[in-house]
Amino acid sequence: MTENEGNDKKIEGSNPKKKLNVVTFTGAAGLLGLAVSFAIFTFKSHKQKSKKKGLPGCDTVCVNLSAKEILDLAEEIIHKSTRVHDAVALVSLDKLSYENVVLPLAELEARQLSLIQCCVFPKMLSPHDNVRKASTEAEQKIDAHILSCRKREDVYRIIKIYAAKGESISPEAKCYLQCLVRDFEDNGLNLTAIKREEVERLKYEIDELSLRYIQNLNEDSSCLFFTEDELAGLPLEFLQNLEKTQNKEFKLTLESRHVAAILELCKIAKTRKTVAMAYGKRCGDTNIPVLQRLVQSRHRLARVCGYAHFADYALDRRMSKTSMRVIRFLEDISSSLTDLAIREFSILEDLKRKEEGEIPFGVEDLLYYIKRVEELQFDLDFGDIRQYFPVNLVLSGIFKICQDLFGIKFEEVTEVDVWYHDIRAFAVFDSGSGKLLGYFYLDMFTREGKCNHSCVVALQNNALFSNGACQIPVALLIAQFAKDGSGEAVPLGFSDVVNLFHEFGHVVQHICNRASFARFSGLRVDPDFREIPSQLLENWCYESFTLKLISGYRQDITKPLVDEVCKTLKRWRYSFSALKSLQEILYCLFDQIIYSDDDADLLQLIRSLHPKVMIGLPVVEGTNPASCFPRAVIGSEATCYSRLWSEVYAADIFASKFGDGHPNLYAGLQFRDKVLAPGGGKEPMELLTNFLGREPSTQAFIASRTNYSL
């Protein structure tokens, strides 16, 4: 994500320009082979015609297509995919085999993923409006086609009959076959016609209700008015950006950024409470009924599909498996942190009493007094610390840590086609053998037309083909770092450093995967497991060894952060961590309970849950967070716990195997081989247990917070 002082050498080594071999088949599978071959040939010809230079050995990854090329390629993808599915559907029942049923679909998926991504990712990053529009259009067409393929009864029938034969195939192939069956059954093909219609109706209803809930929040125009005295503590630049009335009052909208600033910085308790109440009441009359209907619709969908409730439907294929297990996980952490949270709260309460007298402490005071205590206890100036993290130095430090930890090395690929002038590309090699493992692009700086979030995108997944040819992974890391007026990269804030470590963890995860099937490669793993490698790498941000490696005052790398600042950053990381964790657990429990209990009363649930989890603190008067909790509506419904789940198990891995804060190559290689390499082809709990020598535990997570308590 940041501009880096990489190695400017071109990629050399074991024939990096070698083309991938095209698999040939006979019979129905031969039709597939012809289709895939033609698709790739068409794409190669397109690149040669355009004289665009791609990554060595990655002929199907083309990152700078024109609008017309994107739309043409989308049509080719759909056409060839249709031919493959038609071929599978026509296989004679007495000749069904792995080679003509499963393998064609697996290799089509592997080869077409990169082609699809070439069409889709420009909508986020292209500087050209017409290319972004074409990319969006292509994505819609491809998505519709994929959905139609997964509703094909003729293909499902062939796959289901073949699966019933019980043919002896590898464990990973068997897992892929199960995934194929689920692709169709997720669309109701294992149900009766009447039930299938009910599933379609319920999915449509769920989409409509989810959209209505989000639209209500987006369209909310509530605002409050305050005098300058009532906003004491807010910085001048914040006030200058607010609209001012004729009465010289400031107009405050209930946007999250405005609310967060008030709750964290405003010295006036009444203002904080007024804002917290207004924020928590948003859309109460409209969204509570919508959420109630939505929850019931999801429960009905789950029951039609054979589950007791929606939570178990959502968790069935995740690491957590059942709602009961998630609730137990959350409650165990909550109870383990309660004593520490009480001690943390007493510090906040004492300070509030000193500054405001006997006014009762409310949940709306938490952010403000946490920040006040941190200002008093930690001598940290994050504005000053920023100077120690020039972008290039941080990125080269990350490379060094990953090299020492995972046994990989990085070389920059120059003279390669990119979509913007400051994009960089790197090759990743195994340090021992010199084998090329994969590539990644870095798109690190904000610009017009670029999406506004940070993430990692899989442009191509690892895959092994039946003729022995191997497709290597390609990743894209997107960040949102700034440049100054002269076009120079601005040094990173510490939160940017942490974010870069996190996202680079996904790059390592993607590149180090060696799954035979693209379906199980890179980031296509259990969502409960996906964040664990990134959360693990984040831990090094707070170690003195790392901070000294990645820091240097301005461009003078002889002046890294001093030991005392490094230690303070680590203490700051865990300050009031129990209270912060309990707040997260509160919402995770709410989300889990409403989707595992048919009769949950949304208002009563939050009123009873809030003081139970938050050590006696009641919910803000007159509010119901259920009316403004979008994560439980779309994107993380019944799975809000997943981020905390990953953090807990990453803490266990770090404490158990890397506790001294220095890269441990032996343990890192074990993690790479036992956890990252298999990917989604094995159960995540099996991978972690094999690596740790026991089942993962919550103890390290709890201990890390207790050890650094104030």
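Preceding this paragraph is the structure being described.
Residues numbered from 1 in each chain as written. Predicted model: local features only at pLDDT ≥ 70, side-chain atom pairs only at ≥ 80, totals over all residues. Heavy atoms only, no water.

1. Quick word on the pairing of strand β1 (residues 223-226)
- Only one face of β1 is covered, namely the one carrying L224 and F226; the face carrying C223 and F225 has none of its residues buried.
- The pairing of β1 with strand β3 (residues 250-253) spans four bridges and is antiparallel. Counted as the bridge partner of C223 is T253 from β3. (Buried < 20%, exposed > 50% of the residue type's maximum accessible area, 1.4 Å probe, protein only. Helix = DSSP H or I, 4+ residues; strand = E, 2+ residues; numbered from the N terminus. Pairing = 2+ DSSP bridges.)

2. Structural notes on the sheet that holds strand β6 (residues 436-445)
- Spatially, the five strands line up as an open sheet ordered β4-β5-β6-β10-β7, and their pairing is mixed. Looking at strand neighbours, the two that pair on one side only are β4 (408-413) and β7 (455-460), the edges of this open sheet. Direction aside, the axes of adjacent strands within the sheet are offset by 25 degrees on average.
- Where β4 and strand β5 (residues 424-430) come together, six bridges link them in antiparallel fashion. The residue bridging F410 from the neighbouring strand is V428, located in β5. (Axes fitted to C-alpha atoms, helices over the stretch in contact; angles between N-to-C directions.)

3. Overview of the pattern of salt bridges
- Summed over the entire model, instances satisfying the criterion amount to 47 salt bridges.
- Close ionic contact of E109 with R524 constitutes a salt bridge, the shortest N to O distance being 3.1 Å. Placement of the pair is E109 in helix α3 (residues 98-120) and R524 in the loop between α18 (494-511) and α19 (527-530), with a sequence separation of 415 residues.
- Close ionic contact of D598 with R303 constitutes a salt bridge, the shortest N to O distance being 3.0 Å. (Salt bridge = Lys/Arg side-chain N within 4 Å of Asp/Glu carboxyl O.)

4. Some remarks on the pairing of strand β10 (residues 474-481)
- Of all eight residues making up β10, seven are buried, and the element is well covered by its neighbours.
- Relative to β10, β6 runs parallel, the two sharing six bridges. Residue Y439 lies in a different strand from β10, and its bridge partner there is V474.
- Bridge analysis of β7 against β10 gives five bridges, and the strand direction is antiparallel. Bridged to V457 within β10 is L476.

5. Thoughts on the side chain of H85
- Assignment of secondary structure puts H85 in helix α2 (residues 67-89).
- Setting aside anything within four residues of it in sequence, one finds H85 in contact with L105, L108, C149, R152 and V155. (Contact = heavy atoms within 4.5 Å.)

6. Quick look at the sheet that holds strand β2 (residues 243-244)
- If you walk across this open sheet you meet the three strands as β1-β3-β2, and the pairing is antiparallel. Edge positions in the open sheet fall to β1 and β2, since each of these has one partner strand only.
- Relative to β3, β2 is paired through two bridges, and the arrangement is antiparallel. Along β3, the bridge assignment pairs K244 with F250.
- Taken strand by strand, helix α11 (residues 269-280) contacts β1 and β3, and its axis lies near 170 degrees from that of β1.

7. What to know about helix α28 (residues 699-707)
- Within the span of α28, buried status applies to A700, F701, I702, S704 and R705.
- For α28, the elements touching its buried residues are α14 (323-356), α23 (577-594) and α25 (642-657).

8. Concerning α11
- Along its 12 residues, α11 runs 16 Å from first to last C-alpha, staying within 8% of the 16 Å computed at 1.5 Å per residue.
- Looking at α11, one finds that the buried residues are A269, T271, R272, V275, A276 and G280. Within α11, the buried residues cover an arc of 160 degrees as seen down the axis, which keeps them to one side.
- Where α11 is buried, its residues contact β1, β3, α10 (256-265), α14 and α15 (366-377). (Expected span 1.5 Å × (residues − 1). Arc of directions from axis to C-beta.)

9. Thoughts on unusual backbone geometry
- Despite not being glycine, C283 shows a phi value in the positive range, around 60 degrees.
- With relative accessibility at 12%, the residue C283 sits in the buried group.
- The phi angle at I615 is positive, at roughly 40 degrees, despite the residue not being glycine.
- For I615, a relative accessible area of 21% gives the class partly exposed.

10. Observations concerning the packing of α25 against helix α27 (residues 684-692)
- Packing of α25 against α27 brings their axes to within 11 Å, and their N-to-C directions diverge by 20 degrees. The angle between the axes of α25 and α27 places the two elements in the roughly parallel class. Once α25 is placed against α27, the crossing between them reads as left-handed. Contacts between α25 and α27 involve W645, Y649, D652, I653, S656 and K657 from the first element and M685, L688, F691 and L692 from the second.
- The class makeup of the residues in the contact of α25 with α27 is seven nonpolar, one polar and two charged. (Parallel < 35°, antiparallel > 145°, perpendicular 65-115°, else oblique. Left-handed = near helix turned anticlockwise from the far one by under 90°. Nonpolar A, V, L, I, M, F, W, Y, C, P; charged D, E, K, R; others polar.)

11. Concerning a negative patch on the surface
- A cluster of like negative charges, contributed by D379, D381, D384 and E564, occupies part of the molecular surface.
- Summarising the element assignment, D381 is placed in the loop between α15 and α16 (382-385). (Patch = residues over 30% accessible without salt bridge, like charges linked within 9 Å, V, L, I, M, F, W, Y side chains within 5 Å. Areas by Shrake-Rupley, 256 points an atom, 1.4 Å probe, with all protein chains shown as cover. Lys, Arg positive; Asp, Glu negative; His and termini not counted. Charge placed at Lys NZ, Arg CZ, Asp CG, Glu CD.)

12. Thoughts on the packing of aromatic side chains
- Summed over all chains, the structure comprises 34 aromatic pairs.
- The interplanar angle of 90 degrees and the centroid separation of 4.9 Å between the aromatic rings of W540 and F654 together place this pair among those described as edge-to-face. Here W540, found in the loop between α20 (532-538) and α21 (544-550), pairs with F654, found in helix α25; they are 114 residues apart in sequence, far enough to count as distant. Accessibility assignment for this pair places W540 and F654 in one class, buried.
- The structure contains a cluster of three or more aromatic residues connected by ring pairs, namely F382, F389, F494, Y542 and W572.
- Sitting above the plane of the Y368 ring, R272 keeps its charged end 4.3 Å from the centroid.
- Across from the ring centre of Y279, 3.8 Å away, lies the NZ or CZ of R282, which sits over that ring. (Phe/Tyr/Trp six-rings, centres within 6.5 Å; stacked < 30°, edge-to-face > 60°. Lys NZ or Arg CZ within 6 Å of the ring centre and 35° of its normal.)

These results come straight from atomic positions and should not be treated as a statement about function.
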